[in-house]
Amino acid sequence: MELILRNPLKFACALVFTSLIPNLLMAQSQPAQMTQLERNIASAVSIGGPSFTDAAEINRDLIQQGRCAAYAIQPVSAAVAGGEAQILTTAYEGDCQSGGGGVVITLHKQVAPTLWQIENLWTIHSHHRSAPQKAGSTGFQSDEIMAFQAKFQRDQLAPFPASKLPAWEAGKVIPNLPLGVEWEDGMERELYEAVRAGGYPVFCAYDLKMTCFADLPGRKTRTKPLLVTNGYWNVYETETSQAALDVMLGKTPSITASALAAKEKAMNMQVDAMAKGLISGKINKRPSPEPRPTSSKAGSASKAAAPVKP
């Protein structure tokens, strides 16, 4: 709560981002009609291979265009991968300052000692991984890019078995999510529960919202997410991806109903105060109207100006 009250503008921006920014790129376009997000994702696909090891080299080519890239690579544990050799890569490419760009999560499977093939691939829109820029700097320096890369590496979430996800009881509209966590999108209950029962690997990315995908047999690239949930930052004040995942999986105790009601009241008051401040500011900036003469003075002036008849 203290974090929200300290940063009302950040909270308001978070509300705008979570309500207006699409989380999932589902449509495919012709190259000539590609949106900027689609171009970011196409670039991130090429960045996210297991052979990439030098973030500074990648960014040297992008930085002149005001773009930044980052990636993280980690082996998938044998328990999650079913004994197969797999590598998870997460790659970002987008605008340095705004942080808007595309994230590609790619699951690679080893088919030969030096050969990896894509097992599955998912794409999401990111808006928070902006690179830090030094005060007064006219461009991004190598140390700033490396700090950006290191943060991206720390933010990557390890996959986990679907059996750890919240259960979805029969007759319920959504799974048994912690209080304050909102369901936004996902698979229907029957498939969701089938995924949980099968213990399939789940891969999640966090960017104000938690978007999770399951690696399902026969359902390959750009499939519908398993679930998309929201409410981590503004309710639980999570600062890291892992902290948000711990909330969703129940590792962090759920907020109480009374505490949630108090937070919602404080947030509503904060938003109302900001709205009133914006309205008041606009009113105070309006130019004052020119004073108009009264009717009596206007009449006297017109009589004085009228020509005298002979």
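The structure this text deals with has already been given above.
Here's a quick rundown of the structure.

### As for helix 7 (residues 189–198)
- All buried positions along helix 7 are accounted for by Y192, E193, V195 and R196. Each buried residue of helix 7 lies within a common arc of 155° when the element is viewed along its axis, so the set occupies one face. Opposite the buried face of helix 7, at more than 90 degrees from it, the exposed residues are E190 and A197.
- Looking at the buried residues of helix 7, the elements they touch are strand 8 (209–214) and strand 9 (227–230).
- Phi turns positive, to about 65°, at G199, one or two residues after helix 7.

### Points about the side chain of T106
- As for its position among the elements, T106 is in strand 3 (residues 101–112).
- When neighbours within four sequence positions are excluded, T106 is seen to be in contact with I87, L88, T89, I118, N120 and L121.

### Here's the deal with the state of the cysteines
- Tallied over the entire structure, the rule returns 2 disulfides.
- Covalently, C68 is tied to C96 through a disulfide, its sulfur atoms 2.1 Å apart. One disulfide, between C68 and C96, carries an S-S torsion of 105° and so falls in the right-handed class. Separated by 28 residues along the polypeptide, C68 in strand 1 (residues 67–75) and C96 in the loop between strand 2 (86–95) and strand 3 bring together distant segments of the chain. One exposure class covers both C68 and C96, and it is buried.
- Shown here is the disulfide that connects C204 with C212, its sulfur atoms set 2.0 Å apart. Judged by the torsion about the S-S bond (110°), the C204/C212 disulfide is right-handed. Comparing C204 with C212, the two get one shared label, buried.
- When the cysteines engaged in disulfides are numbered in sequence order, the protein pairs them as 1-2, 3-4.

### Regarding the sheet that holds strand 1
- Spatially, 4 strands are ordered 1-2-3-4 in an open sheet, and the strand pairing comes out antiparallel. Since the sheet does not close on itself, it has two edges, and those belong to strand 1 and strand 4 (115–126), each with one partner. Each strand axis lies, on average, 15° off the axis of its neighbour in the sheet, ignoring direction.
- Along the sheet, helix 4 (residues 55–62) makes contact with strand 1 and strand 2, crossing strand 1 at roughly 160°.
- Docked against the sheet, helix 6 (residues 142–155) engages strand 1 and strand 2, running at close to 40° with respect to strand 1.

Basis of the calculations
Residues numbered from 1 in each chain as written. Predicted model: local features only at pLDDT ≥ 70, side-chain atom pairs only at ≥ 80, totals over all residues. Heavy atoms only, no water. Buried < 20%, exposed > 50% of the residue type's maximum accessible area, 1.4 Å probe, protein only. Helix = DSSP H or I, 4+ residues; strand = E, 2+ residues; numbered from the N terminus. Arc of directions from axis to C-beta. Contact = heavy atoms within 4.5 Å. Disulfide = S-S within 2.5 Å. Pairing = 2+ DSSP bridges. Axes fitted to C-alpha atoms, helices over the stretch in contact; angles between N-to-C directions.

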